[in-house]
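Here is how the chains run, residue by residue.
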Amino acid sequence: MRGSGVSRVPFLKMNGLGNQIVVADMRGSKARVTPEAAIAINAQPQTKFDQIMAIHDARTPGTDYYIEIINSDGSRAQACGNGMRCVVQALGAEEGRRRFTFETLAGILFGEEAEDGQITVDMGTPKFAWYDIPLNEEFADTRQVELQIGPIDAPVLHSPSVASMGNPHATFWVKDDVWSYALDRFGPLLENHPLFPERANISIANVPAPDRIILRTWERGAGLTEACGTAACAALVNGARTRRTARKATVTVPGGDLVVEWLDNDHVTLTGPAEFEWRGDLDPATGAWTRSEAA
Ligand SMILES: N[C@@H](CCC[C@H](N)C(=O)O)C(=O)O
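Residues numbered from 1 in each chain as written. Predicted model: local features only at pLDDT ≥ 70, side-chain atom pairs only at ≥ 80, totals over all residues. Heavy atoms only, no water.

- Under an unreviewed UniProt entry, the name given to the protein chain is Diaminopimelate epimerase, and the source organism is Devosia aurantiaca.
- Of the protein chain, the UniProt comment under Pathway (unreviewed entry) reads exactly: "Amino-acid biosynthesis; L-lysine biosynthesis via DAP pathway; DL-2,6-diaminopimelate from LL-2,6-diaminopimelate: step 1/1."
- As recorded by UniProt, the Subcellular location (unreviewed entry) comment attached to the protein chain reads in full: "Cytoplasm". (UniProt positions renumbered as here; feature names shortened; annotations may be inferred.)

## Structural notes on the pairing of strand β12 (residues 168-173)
If a strand is regular, its side chains alternate between the two faces of the sheet.
So, step 1. In terms of burial, β12 is a largely internal element, 6 of the 6 residues being buried.
So, step 2. Across the two faces of β12 the burial is the same, with Pro168, Ala170 and Phe172 and His169, Thr171 and Trp173 all buried.
So, step 3. Where strand β11 (residues 161-164) meets β12, 4 bridges bridge the pair, whose relative direction is antiparallel. Bridge assignment links Ala163 to a residue of β12, and that residue is His169.
So, step 4. Linkage of β11 to β12, two consecutive antiparallel strands, is achieved through a turn of 3 residues, within which Gly166 is found at a positive phi near 95°.
So, step 5. Across 5 bridges, the pairing between β12 and strand β13 (residues 201-209) is parallel. The residue of β13 that forms the bridge with Phe172 is Ile204. (Buried < 20%, exposed > 50% of the residue type's maximum accessible area, 1.4 Å probe, protein only. Helix = DSSP H or I, 4+ residues; strand = E, 2+ residues; numbered from the N terminus. Pairing = 2+ DSSP bridges.)

## Brief notes about the site of the ligand
So, step 1. The ligand sits among 15 residues. The nearest are Asn19, Glu219, Arg220, Gly229 and Thr230.
So, step 2. One of the side-chain nitrogen or oxygen atoms of Asn201 is found 2.9 Å away from an oxygen atom of the ligand.
So, step 3. When contributions to the shell around the ligand are tallied by element, the ones reaching two or more residues are α2 (81-95) and α4 (229-241).
So, step 4. Its residues assigned to classes, the shell around the ligand comprises 4 nonpolar, 9 polar and 2 charged.
So, step 5. Counting contributing residues, the shell around the ligand receives three or more from each of domain 1 (9-121 + 274-291) and domain 2 (130-266). (Near = heavy atom within 4 Å. Polar contact = N/O pair within 3.5 Å; in protein donor to acceptor, adjacent residues only side chain to side chain. Nonpolar A, V, L, I, M, F, W, Y, C, P; charged D, E, K, R; others polar. Domains from an automatic or database assignment.)

## Comments concerning the domain arrangement of the protein chain
So, step 1. Examined at the domain level, the protein chain breaks down into domain 1 (9-121 + 274-291) and domain 2 (130-266).
So, step 2. Put simply, the middle of domain 1 and the middle of domain 2, counted by C-alpha atoms, are 24 Å apart.
So, step 3. Carbon and sulfur atoms supply 44% of the area buried between domain 1 and domain 2, which totals about 1200 Å² over both sides.
So, step 4. Ranking the residues of domain 1 by area buried against domain 2 places Leu17, Gln78 and Ala79 at the top, with a combined share of 41%. (Buried area = accessible area lost by both parts, 1.4 Å probe.)

## Focus: unusual backbone geometry
So, step 1. At the junction of Ile133 and Pro134, the peptide bond is cis and its omega measures out at -10° in the coordinates.
So, step 2. Mapped onto the fold, Pro134 is located in the loop between β8 (119-122) and β9 (148-149).
So, step 3. Even without being a glycine, Leu17 presents a positive backbone phi close to 55°.
So, step 4. With respect to the helices, strands and loops of the structure, Leu17 is situated in the loop between β1 (9-16) and β2 (19-25).

## As for the UniProt feature "binding site: substrate" (unreviewed entry) in the protein chain
So, step 1. UniProt's entry tags Asn19, Gln51, Asn71, Gly81, Asn82, Asn167, Asn201, Glu219, Arg220, Gly229 and Thr230 with the feature "binding site: substrate" (unreviewed entry), counted in the numbering of this structure.
So, step 2. Counting through the fold element by element, Asn82 comes out in helix α2.
So, step 3. Residues in contact with Asn82, not counting those within four places in the same chain, are Gly16, Asn19, Ala227, Cys228, Gly229, Leu258 and Leu270.
So, step 4. Looking at Asn82, its side chain comes within polar contact range of the side chain of Asn19, at 2.9 Å.
So, step 5. Within the secondary structure layout, Thr230 lies in helix α4.
So, step 6. The class of Thr230 is buried, set by a relative accessible area of 1%.
So, step 7. Excluding anything up to four places from it in sequence, Thr230 contacts Ala79, Cys80, Gly81, Met123, Met165, Asn167 and His169. (Contact = heavy atoms within 4.5 Å.)

Encoded structure:
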């Protein structure tokens, strides 16, 4: 998959529990995937994606690669749990090893593929201070912040827990079916709410048992997705600090199950599958792409 410095670079179409991922191999190239290219790639049905994970040469000693994450609207994201699993699987297949250290905008992350194909990514540590998320208003306690949608006296969703997993998340807790909420309608309004100066990923969470969360997410810069790994991590840490959940739980997202654990050293691990679909090459400046014949 290694790039050669020419204008076209190899890419893999993959998914992490239905989170649609394009892994672009930018190694050996000084270029970056442009926002225009991302929007053009996303505009075509075969390459419609949630995130592009662009693998660049390492910038920091001790890391294997620098990963740039681009949302389907062309914006940059600090973290992407499902995409990181796809990157681990892609590089593992190429290099014949299982463990990698990556640098991202969210910091240094580790990923490892187990014998059974499940991939665990250490997503780093959560942050809860209002200025770290960030919020536009000071809140001493971010386990429950003032934010609601719907009629003022009968809000449909209200009082989310907020957290940063490198990227900003709001978790709205509900007692009934997460599918009974029009997240496609409320998601964009909440993502762009003035409380979030960098926008936010918006999730609805139901907790049927301390070791289980049912979660739907409207992703910042990508919209409704089948899975959002960092949202699953944010839901777990928010669940644990509000005493709704234990520190380890299965998080059921539309695409399937993820396992999230908040370790004693404050790091959060995310475990789940990754799936290769097909390969091709693309122009990171324009987004023009071709599918390869070979599997
Ligand atoms: N799908 C991702 C999260 C992607 C980033 C997000 N849209 C953002 O802009 O913060 C995941 O699996 O974590």
